[in-house]
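# Analysis of the macromolecular model
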Amino acid sequence: MPSPKATAVAVFIALALTASACSSHSETANGRLAGVSDGNIHELPTYFAVKGVKIDSPTLKRAQKAGKLIIGAKDDQPFLGLVDADGKRSGFDIEIAKMVAAYLGFSTDQIEFRTVDSRSREAAISKGDIDLYVGTYTINDERKKHVGFAGPYFMAGADLLVRMTDTEIVSPQSLAGKKVCSIIGSTSLREIKKPKYGAMTIELSKYSKCVQALLSNEVDAVTTDDAILKGYIAQHPNKLRILEQPFTKEPYGIGMSKADKALREAVNDAIAVHRGNGDTRKAYYATLGLSGSVYPEDPPLERY
């Protein structure tokens, strides 16, 4: 008799095959999809919660008893994790969170999103304040000492955002004497401060403030993960561009309790299934893909 987990995977595979049969397509150079009409290329997927999921995870059992899954996220990153004036959350990370929740048996209405900033992520996970964290959370060895990770579900890299009309900044090596903005304490700021770049760095509290400074000609470039920069390009079309020359690697993972190995494996399975049925790709084009960028190659999942 198949296990509950195997049954859940089988259900998702069946849905994936149905979706594939209904919409065969290929990518084009400008990030659009051949074979998909303009009317639905940017529509978000619909996620179906799997019922009766049984995974030997203390975190999941607690969430099932409470009837909700608490997910930490960002609220200030356009097309990644953003809260609008009406309190509605949107973005690629938010869609990833919904996919994972559905696989774990939770409908969208059973997700409680909580805004958790970068400095508080490990503490929120360790104290059990949140069940999962999905918010441009780079997997690295130092963080693995404190929390568990599933993924990566996306491979980002530090890059440079410049004005569309700028012809002088063509690579990170052409920043000598240029004003480059990033947020205080960011890894990209730490990198761009190295003498080899020769940049003059400006440190602000939010990336949105850096972008406004770029638009008003107060700085020459903004640096952070390319995924975040793509969101700002989508927000300001025809005004900004990304160099597409990443100078770091930032594998985005989903954070959770370090001790909950069963949950980590289940979330990895969820990522794999939604890649397979096309949900991840479709969600990308409805969010970060609005920048005109092509869906990137899926990074291999870490199984440890």
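Residues numbered from 1 in each chain as written. Predicted model: local features only at pLDDT ≥ 70, side-chain atom pairs only at ≥ 80, totals over all residues. Heavy atoms only, no water.

## A few points about the packing of helix H3 (residues 92–103) against helix H9 (residues 261–276)
- Where H3 contacts H9, the two axes come as close as 9 Å, and the packing angle between them is 110°. Between H3 and H9, the angle falls in the class roughly perpendicular. Of the two elements, H3 crosses H9, and the hand of that crossing is right-handed. Judged by residue contacts, Met99, Val100 and Tyr103 of H3 engage Ala266, Val267, Asp269, Ala270, Val273 and His274 from H9.
- Across the contact of H3 with H9, the residue classes break down as seven nonpolar, one polar and one charged. (Axes fitted to C-alpha atoms, helices over the stretch in contact; angles between N-to-C directions. Helix = DSSP H or I, 4+ residues; strand = E, 2+ residues; numbered from the N terminus. Parallel < 35°, antiparallel > 145°, perpendicular 65-115°, else oblique. Left-handed = near helix turned anticlockwise from the far one by under 90°. Contact = heavy atoms within 4.5 Å. Nonpolar A, V, L, I, M, F, W, Y, C, P; charged D, E, K, R; others polar.)

## Considerations on the nonpolar core
- With 60 residues, the main nonpolar core has Leu104, Leu132, Ile254 and Val267 as its most contacted residues.
- With nine residues, the single largest contributor to this core is H3.
- Counting twelve residues, the second-largest nonpolar core is a separate cluster that includes Ala158, Leu160, Val180 and Ala221. (Core = buried A, V, L, I, M, F, W, Y, C linked by side-chain atoms within 4.5 Å. Buried < 20%, exposed > 50% of the residue type's maximum accessible area, 1.4 Å probe, protein only.)

## Topic: the sheet that holds strand E4 (residues 76–77)
- The three strands are arranged E4-E5-E6 in an open sheet whose pairing can be described as antiparallel. Only two strands of the sheet have a single partner each, and these edge strands are E4 and strand E6 (89–90).
- Bridge count between E4 and strand E5 (residues 81–83): two bridges; the pairing is antiparallel. Bridge assignment links Gln77 to a residue of E5, and that residue is Gly81. (Pairing = 2+ DSSP bridges.)

## Notes on helix H2 (residues 58–66)
- Listing the buried residues of H2 in full gives Thr59, Leu60 and Ala63. Buried residues of H2, viewed axially, fall in a sector of 95°; they line one side. For H2, exposure combined with an orientation more than 90 degrees from the buried face picks out Pro58 and Lys65.
- Tucked inside the fold, the buried residues of H2 contact strand E3 (69–73) and H9.
- Of the residues one or two after H2, Gly67 is the one with positive phi, at around 80°. (Arc of directions from axis to C-beta.)

## Here's the deal with the state of the cysteines
- Using the criterion set out here, one finds one disulfide in the structure.
- One disulfide bridge connects Cys181 with Cys210, the sulfur atoms lying 2.1 Å from each other. A torsion of -65° about the S-S bond marks the disulfide between Cys181 and Cys210 as left-handed. Taken together, the positions of Cys181 in strand E11 (residues 179–183) and Cys210 in helix H7 (residues 207–215) put the pair 29 residues apart, joining distant regions of the chain. (Disulfide = S-S within 2.5 Å.)

## Some thoughts on empty space enclosed by the protein
- A complete count under the given rule lists two cavities of 30 Å³ or more for this structure.
- What lines the largest cavity is simply Ile96, Met99, Val100, Tyr153, Ala270, Ile271, His274 and Thr280.
- Elements with a contribution of two residues or more to the lining of the largest cavity: H3 and H9.
- Split by residue class, the lining of the largest cavity holds six nonpolar, two polar and no charged.
- Taken as a whole, the second largest cavity holds about 40 Å³ of empty space.
- As for the second largest cavity, its lining consists of Asp76, Gln77, Lys206, Tyr207, Ser208 and Tyr232.
- Broken down by secondary-structure element, the contributors of at least two residues to the lining of the second largest cavity are E4 and H7.
- For the lining of the second largest cavity, the per-class residue count stands at two nonpolar, two polar and two charged. (1 Å grid on protein atoms, 1.4 Å probe; cavity = no way out; pocket = protein on both sides within 12 Å on 5 of 7 lines; lining within 4 Å. Points joined across faces, edges and corners; volume = space filled by probe spheres on them.)

## A few points about the sheet that holds strand E13 (residues 221–225)
- Spatial ordering of the open sheet is given by E12-E11-E13-E10-E14, a layout of five strands whose pairing is mixed. Edge strands, defined here as strands with exactly one partner in the open sheet, are strand E12 (200–204) and strand E14 (240–242). Each strand axis lies, on average, 30° off the axis of its neighbour in the sheet, ignoring direction.
- Sheet analysis places strand E10 (residues 158–163) next to E13, joined by four bridges and oriented antiparallel. Residue Ala158 lies in a different strand from E13, and its bridge partner there is Asp225.
- Set on the sheet, H7 makes contact with E10, E11, E12, E13 and E14; between it and E13 the angle comes to about 150°.
- Its contacts with the sheet place helix H8 (residues 226–235) against E10, E13 and E14, and it is angled at close to 125° to E13.

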